[in-house]
Each structure stands twice: as C-alpha cells, then as structure tokens.
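Close look at the chain arrangement
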Amino acid sequence: QLLLPDMIVVAFTVVAGYAFWRAVTDPPGRGALVVFFAALAFGLFAKGPVGLLPLLVAALWLCMEHGVRGLGHLWSPAGVGVFGLITLIWLGPFMALGSGSFAETVLWRDWLTWYVGVPAVGKLADPAIDLIVGFLPWTVVALLAVARGARAWRTPDVRFALLWFLVPLLVVVLAANQRTRYLLPVYPGLALLVGWWADAHGS
C-alpha cells in the first residue's frame, strides 16, 4: 500500500475551480478568491506544480473572456497573502536545510526533470487508453459530451469546463514521465461536461 498525494491534489483542484467560478459569476462570492488561492497553495503543498493547474485554466479562461486585462480579476491581496503563508509552512523547513537541498531535491529532480521533457512517442497512446478505462462507465457518453461542448464553445461556463478538461490532459500527455494517476486532474472538467450534456441534451 502506498500513500500518494494525487487524490488530495484533485480534491484541492476541485475546490479551486469552484471558488474561481464563484469569484467570476454574478453576484461574485465574498472571499472566493481567497479560497481559490488557499486551494492552490495546498495543491502545491501536496504535489508541486500540478497543484497550480487551476490557475492556468483560470488565466486562459479570463484571457478568452476579457482579453489580457481580464487577468486582473485574479488579483486578491488577501488571497496572495494566504498562498504565501501556506507555502512558507513547507518551504521554510526545506530552506532551513539549505537552498541547495531545495533546488536539487525539489526544483530540479522532483519538478523539472521528472515532468519537463520530450515524451516517448510510443507511449503517447497510453494516456488515451488510461482515460477511457479510468472514466468508465461515463466514457460511453463522454465523446458526445465533449463534441456537444465544442459546439457550445462560446458559452462561458461550457468553455470553462472544456478548458478544465483539455488543459490538464495536454499537460499530462506532454509530460516526460506519465502515470495513470496523473490523469486524475482531467476528470473533474470531463465530469462537468458529462453532467451538463446529460442535463441539457441527454434525453
């Protein structure tokens, strides 16, 4: 038995996605951005850069919706402060061991060299197979949901769900090293699409 942080990361990314949507919908939720940044910080705490995927999704959605100026909607002094405070909880002990330990053990070995690189061409089909199996039984209707969602791309909430599905999928496929559990951040966006499709077009 292994204790793995991947499920914890997914829990925090779901919280971050929900908090972001509450922050940008009308009326905006009070303190939603603080929750968003706190969830990002805990995701980073649990498994490194993969915990920041909701930030990438949110930034892309805002740019598509409002242009580059839309990124200003992410600014929250309190949220950034909470993010910094949570990050210092784990960063502090590493830095106390020496900056070289953090740079070599975490930044270089665990983050950069493990994820960044050229994936093996022969293994590019593996994430697709894992996704098909991992999303069962909803895989049967997932293609219908994604196809319908692509046709409704101009609808802001559908576009957000599509980005929440596509961005993590692209990151996983292009990663130098791949594991089946790395696909977990892909499922929340895909689940939203299937739920939307079932509600709007399932009959």
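This section reports on the structure supplied with the text. (Residues numbered from 1 in each chain as written. Predicted model: local features only at pLDDT ≥ 70, side-chain atom pairs only at ≥ 80, totals over all residues. Heavy atoms only, no water.)

1. A short note on the overall build of the protein
A count of helices and strands for the protein gives 9 helices and 0 strands. The helix and strand sequence of the protein, counted from the amino end, reads α-α-α-α-α-α-α-α-α. Looking at the protein as a whole, 36% of its 203 residues qualify as buried. A sequence separation of at least 24 residues applies to 73% of the contacts in the protein between residues at least 6 apart. As displayed, the protein has an accessible area near 11600 Å², and 70% of this comes from carbon and sulfur atoms. (Helix = DSSP H or I, 4+ residues; strand = E, 2+ residues; numbered from the N terminus. Buried < 20%, exposed > 50% of the residue type's maximum accessible area, 1.4 Å probe, protein only. Contact = heavy atoms within 4.5 Å. Areas by Shrake-Rupley, 256 points an atom, 1.4 Å probe, with all protein chains shown as cover.)

2. Details of the pattern of salt bridges
Taken as a whole, this structure holds 3 salt bridges when the rule is applied. For the salt bridge of Asp6 with Lys47, the shortest nitrogen-to-oxygen distance reads 3.5 Å. Taken as a pair, Asp6 in helix H1 (residues 6-24) and Lys47 in helix H2 (residues 32-47) lie far apart in primary sequence, 41 residues in all. Each member of the pair, Asp6 as well as Lys47, carries the same accessibility label: buried. Ionic pairing is found between Arg181 and Asp6, a salt bridge with its closest N-O pair at 3.1 Å. Here Asp6 lies in helix H1 and Arg181 lies in the loop between helix H8 (156-174) and helix H9 (187-201), a separation of 175 residues in the sequence. Using a relative accessible area of 30% as the deciding quantity, one classes Arg181 as partly exposed. (Salt bridge = Lys/Arg side-chain N within 4 Å of Asp/Glu carboxyl O.)

3. Brief notes about unusual backbone geometry
Residue Pro27 follows Asp26 across a cis peptide bond; omega there is -5°. Residue placement: Pro27 occurs in the loop between H1 and H2.

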